[in-house]
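# Secondary and tertiary structure notes
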Amino acid sequence: MAHHSLPSGLHPDTLAQRVAVEPSQYGENSEALYLTSGYLQPSAEVAARRFGGQEEGYTYGRSGNPTVSSFEMRLAAMEGTQAALATASGMSAVMLMLFSLLKSGDHVLYSQSMFGSTIKLIGSEFARFGVESTMVAQTDLAAWKAAMRPNTKLLFAETPTNPLTEVCDIQALADIAHNAGALLAVDNCFATPALQRPMDMGADIVMHSGTKYLDGQGRVMAGALCASEDLITGKCLPVMKNSGMVLSPFNAWVVLKGLETLDIRMRAQSARAHELALWLEQHPAVSRVYYPGLASHPQHALAMRQMSNIGGAVLSFDLKATDAAAARSRAFHVLDSLQVLSLCTNLGDTKSLLTHPASTSHGKLSEDQRQAAGIGQGLIRFAVGLEHVGDMQADLLRGLDTL
Ligand SMILES: *Cc1c(COP(=O)(O)O)cnc(C)c1O
């Protein structure tokens, strides 16, 4: 769709403010919200050309919308990809990618530390349609290599992961994929293009849950795939048009405006997260803090290289306890003592959100599976927002100092 014309060579923070479709005849400075499912066609001849794909122009809400286009163009510019396609949620972006790129008999290789619904979608739902898959350890490159098969078409990783913030080497995974003629997709939810651009490190597809930092204020569900014109227009768009996993224009408008403040939010929230991670490491009730910005993080050097020297805004910490039952009751005590911060299963909000992964996002796993994943009963995930650091510390101490 027509691009608001801009000089070349602009930086990502400028693109985040400026990339959008042309303003309407009214010259609005803030991008318009186009709430329409249909479009007036200037003539039957033009309508025929638009439906036939010989002429650009909107035809129907399932095939495109100017507000959604603005979000797609802007996100693509920020990720450094040729194109993007917006979806109704992060999971519908994963769904669209799998549907568009795979067929029965193909094999997917993915990290065992990925988002729970991603694991279910690939390992259970797509398995019903004959798509094979293997899960491997996030940080074990030899395991990724060893699990490759002649029919491997896609490698899929998330970095950093939820909730333990494990970091994988994007360039190394891209090399493994490309040597075998496969593609690498990266879920860039936690770092966002403000800190990490997987495309610059060899990835072929960047997947987003726009629900998280792209929105940034916990308002709407959204998702997107960013990739080459070939993959987006050639492979994903045709599936999208027929499957209807479209992002609503209103939600697109919210995340479009969210992108304008993404960079400053990521930096400010990450700075608070770093300060809190250092502080939590010193607290006597805490046994371990997981945060890529800490020198104690196992992939600290790699994380700093991939993430613009910034650790991101999500950390997790483990409470000291004698056994699993005690750990669980201690974690519940800390969470139930909060008076300011939110007990809420989401992330990417300017409000700080805390969760107990073992009983919520990872609650369906058996205790053995949870132990294998490193998600103990004393683990608390902390998606750090923009509150005053002193107030956040005081709120945590209500529980930490009364265990
Ligand atoms: C939330 C999330 C998703 C799924 O996104 P939705 O918008 O909730 O569908 C996928 N990956 C990661 C890392 C997430 O945090």
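Numbering of residues starts from 1 in each chain and follows the order in which that chain's sequence is written. Predicted model: local features are reported for residues with pLDDT of at least 70 only, side-chain atom pairs are reported and counted for 80 or more only, and whole-chain, interface and lining totals are derived from all residues. In computing side-chain values, all of the structure's heavy atoms are included and hydrogens and water are not.

### Points about the sheet that holds strand S9 (residues 314-319)
To be explicit about the condition: Whether two strands pair depends on DSSP finding at least two bridges between them. The helix count covers DSSP runs of H or I at least four residues long, the strand count covers runs of E at least two residues long, and both are numbered beginning at the N terminus. Contacts are residue-level and defined by heavy atoms, with any inter-residue pair within 4.5 Å sufficient. Interaxial angles span 0 to 180 degrees and are taken between N-to-C directions of axes, which are lines fitted to C-alpha atoms, for helices over the stretch in contact.
A sheet is described by the order of its strands in space; here five strands give the open sequence S8-S9-S12-S11-S10, paired in mixed fashion. Looking at strand neighbours, the two that pair on one side only are strand S8 (286-290) and strand S10 (342-343), the edges of this open sheet. Bridging between S8 and S9 involves four bridges; their strand directions are antiparallel. Paired with Arg 288 across the two strands is Asp 318, which belongs to S9. The sheet strands contacting helix H11 (residues 262-281) are S8, S9 and strand S12 (379-383), and the helix crosses S9 at an angle near 10°.

### Points about a nonpolar patch on the surface
Note the cut-off: Patches draw on residues past 30% relative accessible area with no salt bridge. Two like charges within 9 Å are joined, as are two nonpolar side chains (Val, Leu, Ile, Met, Phe, Trp, Tyr) within 5 Å. Where accessible areas are quoted, they stem from the Shrake-Rupley method and a 1.4 Å probe; at the residue level, only the protein chains shown are allowed to cover. Whenever a carboxyl oxygen of Asp or Glu lies within 4 Å of a side-chain nitrogen of Lys or Arg, that contact is scored as a salt bridge. The classification of residues rests on relative accessible area computed with a 1.4 Å probe and restricted to protein chains. Under 20% of the type maximum is buried, over 50% is exposed, and intermediate values are partly exposed.
Where nonpolar side chains cluster on the molecular surface, the patch consists of Leu 33, Leu 35 and Phe 250 and spans about 280 Å² of accessible area. Position of Leu 35 among the secondary structure elements: in the loop between helix H1 (12-18) and helix H2 (44-51). You can call Leu 35 exposed: its relative accessible area is 63%.

### Quick notes on the sheet that holds strand S7 (residues 223-227)
If you walk across this open sheet you meet the seven strands as S1-S7-S6-S5-S4-S2-S3, and the pairing is mixed. Each having just a single partner strand, strand S1 (83-87) and strand S3 (132-136) make up the two edges of the open sheet. Recorded for the sheet is a direction-independent mean angle of 20° between the axes of neighbouring strands. Pairing analysis gives four bridges linking strand S2 (residues 107-111) to strand S4 (residues 152-158), with the strands arranged parallel. Paired with Tyr 110 across the two strands is Phe 156, which belongs to S4.

### Quick look at the packing of aromatic side chains
Stated formally: Any two of the Phe, Tyr and Trp rings considered here, Trp counted by its six-membered ring, make a pair once their centres fall within 6.5 Å; the pair's planes then place it as stacked at under 30 degrees, edge-to-face at over 60, or tilted in between.
The tally for this structure, following the rule as stated, stands at three aromatic pairs. Here the aromatic rings of Phe 250 and Trp 253 are separated by 6.4 Å at their centres, their planes lie at 35°, and the arrangement is tilted. Highlighted residues: Phe 250 and Trp 253, both in helix H10 (residues 249-260), separated by three residues, approximately one helical turn. What makes Phe 250 partly exposed here is its relative accessible area of 40%.

### Some words on the site of the ligand
Keep this limit in mind: Working definition: residue near molecule or strand if any one of its non-hydrogen atoms lies within 4 Å of it. Residues adjacent in sequence count toward polar contacts only when both atoms are side-chain atoms; beyond that, a polar contact is any pair of N or O atoms within 3.5 Å, and within protein one must be able to donate a hydrogen and the other to accept it.
Around the ligand, the structure places 14 residues, and the nearest of them are Gly 90, Asp 187, Ser 209, Thr 211 and Lys 212. Separating a nitrogen atom of the ligand from a side-chain N or O atom of Asp 187 is a distance of 2.6 Å. The contact in question runs from an oxygen atom of the ligand to an N or O atom on the side chain of Lys 212, over 2.7 Å. For the ligand, whose accessible area on its own is 380 Å², the fraction buried by protein is 93%.

### So, the state of the cysteines
Condition: Here, a disulfide means two cysteine sulfur atoms that sit within 2.5 Å of each other.
Counted under the stated rule, the structure contains zero disulfides. Free cysteine: Cys 168, not disulfide-bonded; nearest cysteine sulfur from Cys 189 at 14 Å. When its relative accessible area of 3% is taken as the criterion, Cys 168 is described as buried. With no disulfide of its own, Cys 189 lies closest to Cys 226 among cysteine sulfurs, the gap being 12 Å. A relative accessible area of 6% means that Cys 189 is categorised as buried.

### Topic: the environment of Gly 348
As for its position among the elements, Gly 348 is in the loop between S10 and strand S11 (353-355). We classify Gly 348 as buried; its relative accessible area is 2%. Once the C-alpha coordinates of Gly 348 and Ile 375 are considered, the two residues, 27 residues apart in sequence, prove to be 21 Å apart. Excluding its chain neighbours within four sequence positions, the residues that come into contact with Gly 348 are Lys 212, Tyr 213, Gly 216, Gln 217 and Ala 383.

### Considering helix H4 (residues 90-101)
Applicable threshold: Multiplying 1.5 Å by the helix residue count minus one yields the expected span of that helix.
Compared with an ideal rise of 1.5 Å per residue, which puts 12 residues at 16 Å, H4 spans 17 Å between its outermost C-alpha atoms and is within 8% of the ideal. In terms of burial, H4 is largely enclosed, as nine of its 12 residues are buried. Within H4, the full set of buried residues consists of Gly 90, Ser 92, Ala 93, Val 94, Leu 96, Met 97, Leu 98, Ser 100 and Leu 101. The backbone nitrogen of Met 91 lies 3.4 Å from a side-chain oxygen of the residue at the head of H4, namely Ser 89.

### Some words on the domain arrangement of the protein chain
Formally: As used throughout, domain bounds are those supplied by an automatic or database domain assignment. What counts as buried area is the accessible surface, traced by a 1.4 Å probe, that two parts surrender upon association, with contributions from both included.
For the protein chain, the assigned domains read domain 1 (12-259) and domain 2 (262-400). Between domain 1 and domain 2, the C-alpha centre-to-centre distance is 27 Å. Opposite the 32 residues of domain 1 that make contact, domain 2 presents 35 residues. For the pair domain 1 and domain 2, the summed buried area comes to about 2,700 Å², and 60% of that belongs to carbon and sulfur atoms. If you sort the residues of domain 1 by the area they bury against domain 2, Leu 164, Leu 195 and Tyr 213 come out on top, with a joint share of 29%.

### A word on the packing of H4 against helix H9 (residues 229-243)
The relative placement of two packed helices is expressed as an angle between their axes plus a distance between the axes. To keep things clear, this is the line we draw: Should an angle fall under 35 degrees it is taken as roughly parallel, and over 145 as roughly antiparallel, whereas 65 to 115 is taken as roughly perpendicular and any remaining angle as oblique. As a working rule, the residues Ala, Val, Leu, Ile, Met, Phe, Trp, Tyr, Cys and Pro are called nonpolar, Asp, Glu, Lys and Arg charged, and the rest polar, with Gly in that last group.
Between H4 and H9, the least distance of the axes is 9 Å, while the angle of their chain directions is 105°. One finds that H4 runs roughly perpendicular with respect to H9. Residues Leu 96, Phe 99, Ser 100 and Leu 101 of H4 pack against Leu 231, Lys 235, Cys 236, Val 239 and Met 240 of H9. A per-class count over the contact of H4 with H9 returns seven nonpolar, one polar and one charged.

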